[in-house]
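# Fold and contact review
The lines below spell out each chain.
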Amino acid sequence: MGLLDRDAALGDLEMALADAVRGAGRVVLVRGEAGIGKTALVEHFVAQARPGVRVLWGGCHALLTPRPLGPLHDIAQQVGGTLEEVLAAGARPGVVFSVMLAELQRPVIVVVEDVHWADDATLDVLRYLSRRIGRTSAVLLLTCRDDEVGLAPALRSLVGDVASSTTALRVDLPPLSEGAVEVLVGQRQIDATALHRQTGGNPFFVTEILAGSGLGLPLSIRDAVLGRVARLSTSGVALVEAAAIAGPRIECWLLEAILPDDFSSIEECLGGGMLVEHADVLGFRHELARQAVLDSIPSVRRARLHRLVLGALEGAPGGRADLTRLAHHAEGARDDRAILEYVPAAARRASTAGAHRAAADLLASGVQSAGRLPDIEVAALLEAHAMECYHVADMPAAIASWRRAIDLWREAGDRLRQGMNLAVLAAALASAGQRQEARQANHGAIDLLSTLPPGRELALAYGTQAILHQYNQELSDAIVLAGRAIALAEQTGSTQVLVNAYDTLGMSSMFLDYERGRGYLEHARALAQEAGLDAEVARAYGDLGAVSVALFHLDQAERFLADGLSFTADRDLDRTRLYMLAWQSAAHLYRGRWDEAERSAVEVLARPASSSARVIAELTLGRLEARRGDAGLPSARLDQALAMAGAPEELRLIGPVRAARAEAFALYGDPAASCAEANAVYDNALQKRYVWLAGELAYWRWRAGAADRPPDWIARPFALQIAGDWRGAAAAWRALGCPYEEARALADGDHVAQEQALVAFDQLGARPAAADLRRAMRVRGVRRVPRGPRPTTRANRFGLTSRQLEILGLLAQGFTNAEIARRMSIAPKTAEHHVAAVLAKLDVVSRQDAVRFGRDQQLIA
């Protein structure tokens, strides 16, 4: 019998393969609930593949901790050669990426099953390949449970990439129809309608129940699976239980080594359908069946079976190669000796491959089983666990492990390790937003390490202290501490510490002497490139761009950000790429490219970006909404930015947020609230001589009627306007390439200047500023105030962008967010943000209201 209800899905896969054979590779994501038939569909498809198309198959397995790059190891066994060599050698991720990409240059179907169980390193490889698949002759075919995607941010990011890619295809498998279930029931005395209702049309559930149809309809799939197991002989049951313990894929030799006296019953297990044979390995028909068997095994027998598997693997040639598998069975066997031997080794291998989450999980198991170890060995495990948690941004777990390690090193009298851990704890606390605790920890590190011979650890502590000063815009202190870190790092040959210290020195110096600070950051980037430190190269690009935007060196900022975005895209450094994209959105806003600013900021918020990137993106969208008149007082985005921006003394983020909120209140006619927002950080900005921030805050205070004059050193365009030189202010903004700010200065001028300002405001879509200026001109007695934009001269009078008009048209056709995303080749979350923006601009609450209003206003047909 062929596949039922799957003709459309097979057609999509065949179309993708035809594209790939022509040199336009595709990535296909087959999604559906557990048991829906993803594997059956893929097996049927590859069996029908045209001659000359190679098929490579890898899988992710439901172990306690996923094997790093597990699917690639499966594929390497099939292709051998360079891929097998680089994986065996533990090569860096970038090398693995390029070797795997080379395998896709001739017609090939690469199947990776169950990516919902993939480790982070595997997801990184899949993301890398999916972004480049269009230049290959391959179909990258991924299967995934759609009910698992919400569990892992990395997986959610991969699915988002696939959804927004023009080379991607998503195949969602629906349940079987009642008619298909009736075909499967055939002549059996079973009510097909009742079976369809009970199983929801899930193919695996249907077939499992039909396999035990003589028993009537069981209460659950677990009952159905265990009912089939109960019909086996005692030896058959023993083999099935051992197979469930051994893992999703079981070598025949391993099963025979575990239970030699029972192995003769293997044919019974295969004949009864409990186990199936794939090439040279055995497995269950579905992971749900294995899990049902596994859950039924009593804990004592389960531990005994794990011990048997562990012993067999340790004694077999090559059995010790898969450290993650050994660690899994060591934990299941509750064997402390084996846990402490295999868990740290497996974690190191996982970390090298980039699977930091898997490494953290392995080390957490090791820590739990380390009660009888000497304290210094426990402390070493805790250090390693903390660092892996730090890599995956699990700051609470990292902080807890570092605190425990510090206590153990203190009790052991090892002041060097105690001080080093205090320094890295401070970095974790700072990342978690616990800045005061971070300062206390780092002061403790410096005090302790200063009593010892100077080394890398003290350099690290100085570098961390410099960053903490930088958060508060304490630039002189940051520069001094960064200089100390540089001197020590050079003496000790600590390249990474050296690069990071130069980065901090550069950022801090740019606020005082832009060119000198830029030189330090350029040097940091060059050092990082020479050492192959891609993440540090990306950080330097990001910091050069971010500070350049903050200081209105916009030409240089756009160059740094463009180069940095290209660098990170080539290396899949997504977190830093999103940070740069957020600052690029701010640059677009200042340049008057408001649609581009919106698109960039929305993309940042649709991805797992850092808190700093999210603040800048929310801030940009909040300013944009205020300037367009799209939101209330102030917008929810500016509320969110304020909540995320940190403590009042940390001007780097909180200052710009307060300035944006001051602008929003001013635009909506509340000068008192505007002045209060500016006052919240104004004194601190003056104390720190934060030239541009102090200037903007002074400007909004002046607009609100504050009597005191700002100091002369504030940013020149603001100083000129406050002094009444609107021509000079407008010229200064024009030289910087900021059309909205230029128009704002012209609005304070004579009649001709005000008309120029109106033109600029109308072109930008700055409705509140334009409306305020028109009112002011009428109050002044100007008789012929230019009218606002008409539908014939702009897209529409509600300020919808061309993309938002297109979305409104798609809403009129009944498109869902997912369908809009596919039509426009954007992420579903991005589509959701655009739809929300359309509703806000039209001041309606539902999609139906938007369509009705759009037709009434002749915006759409």
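For the structure itself, look to the data block above.
Rules and cut-offs
Residues numbered from 1 in each chain as written. Predicted model: local features only at pLDDT ≥ 70, side-chain atom pairs only at ≥ 80, totals over all residues. Heavy atoms only, no water. Pairing = 2+ DSSP bridges. Helix = DSSP H or I, 4+ residues; strand = E, 2+ residues; numbered from the N terminus. Axes fitted to C-alpha atoms, helices over the stretch in contact; angles between N-to-C directions. Salt bridge = Lys/Arg side-chain N within 4 Å of Asp/Glu carboxyl O. Parallel < 35°, antiparallel > 145°, perpendicular 65-115°, else oblique. Left-handed = near helix turned anticlockwise from the far one by under 90°. Contact = heavy atoms within 4.5 Å. Nonpolar A, V, L, I, M, F, W, Y, C, P; charged D, E, K, R; others polar. Buried < 20%, exposed > 50% of the residue type's maximum accessible area, 1.4 Å probe, protein only.

### Observations concerning the sheet that holds strand β1 (residues 26–32)
Backbone hydrogen bonds hold the strands of a sheet together, and the pairing may be parallel or antiparallel. On the basis of which strands lie adjacent, the open sheet formed by five strands has the order β2-β3-β4-β1-β5 and parallel pairing. Looking at the sheet topology across the chains shown, the edges are occupied by β2 (54–59) and β5 (168–172). Here the strands of the sheet are splayed against their neighbours by 15° on average, with no regard to which way each runs. In terms of strand pairing, strand β3 (residues 108–113) meets strand β4 (residues 138–145) through five bridges, oriented parallel. Residue pairing for β4: I109 is matched across the bridge by V139.

### Considerations on the pattern of salt bridges
On inspection of all chains with the given rule, the structure shows 47 salt bridges. Residues joined by salt bridges that share partners form a network here, namely R623, R627, E663, E696, E741 and R744.

### Some remarks on the sheet that holds strand β8 (residues 281–284)
Strand order in the open sheet made by the three strands is β6-β8-β7, with antiparallel pairing throughout. Looking at strand neighbours, the two that pair on one side only are β6 (250–251) and β7 (275–278), the edges of this open sheet. Of the strand pairs in this sheet, β7 and β8 are connected by four bridges, and their pairing is antiparallel. Residue pairing for β8: H278 is matched across the bridge by V281.

### Some remarks on the packing of helix α42 (residues 802–812) against helix α43 (residues 817–824)
Geometrically, a packed helix pair is captured by the angle between its two axes and the distance between the axes. Here α42 crosses α43 at 130°, and the two axes come no closer than 11 Å. As far as their axial angle goes, α43 and α42 are oblique. Of the two elements, α42 crosses α43, and the hand of that crossing is right-handed. Contacts from R803, E806, I807, L810 and L811 of α42 reach α43 at I820, R823 and M824. The residue makeup of the contact of α42 with α43, split by class, is five nonpolar, no polar and three charged.

### Looking at unusual backbone geometry
With a phi angle near 60°, D5 is a residue other than glycine that sits in the positive phi range. With respect to the helices, strands and loops of the structure, D5 is situated in the segment before α1 (7–21). Look at R334: it is not a glycine, yet its phi comes out positive at around 60°. Mapped onto the elements, R334 comes out in the loop between α17 (323–333) and α18 (336–352). Judged by its relative accessible area of 57%, R334 falls in the exposed class.

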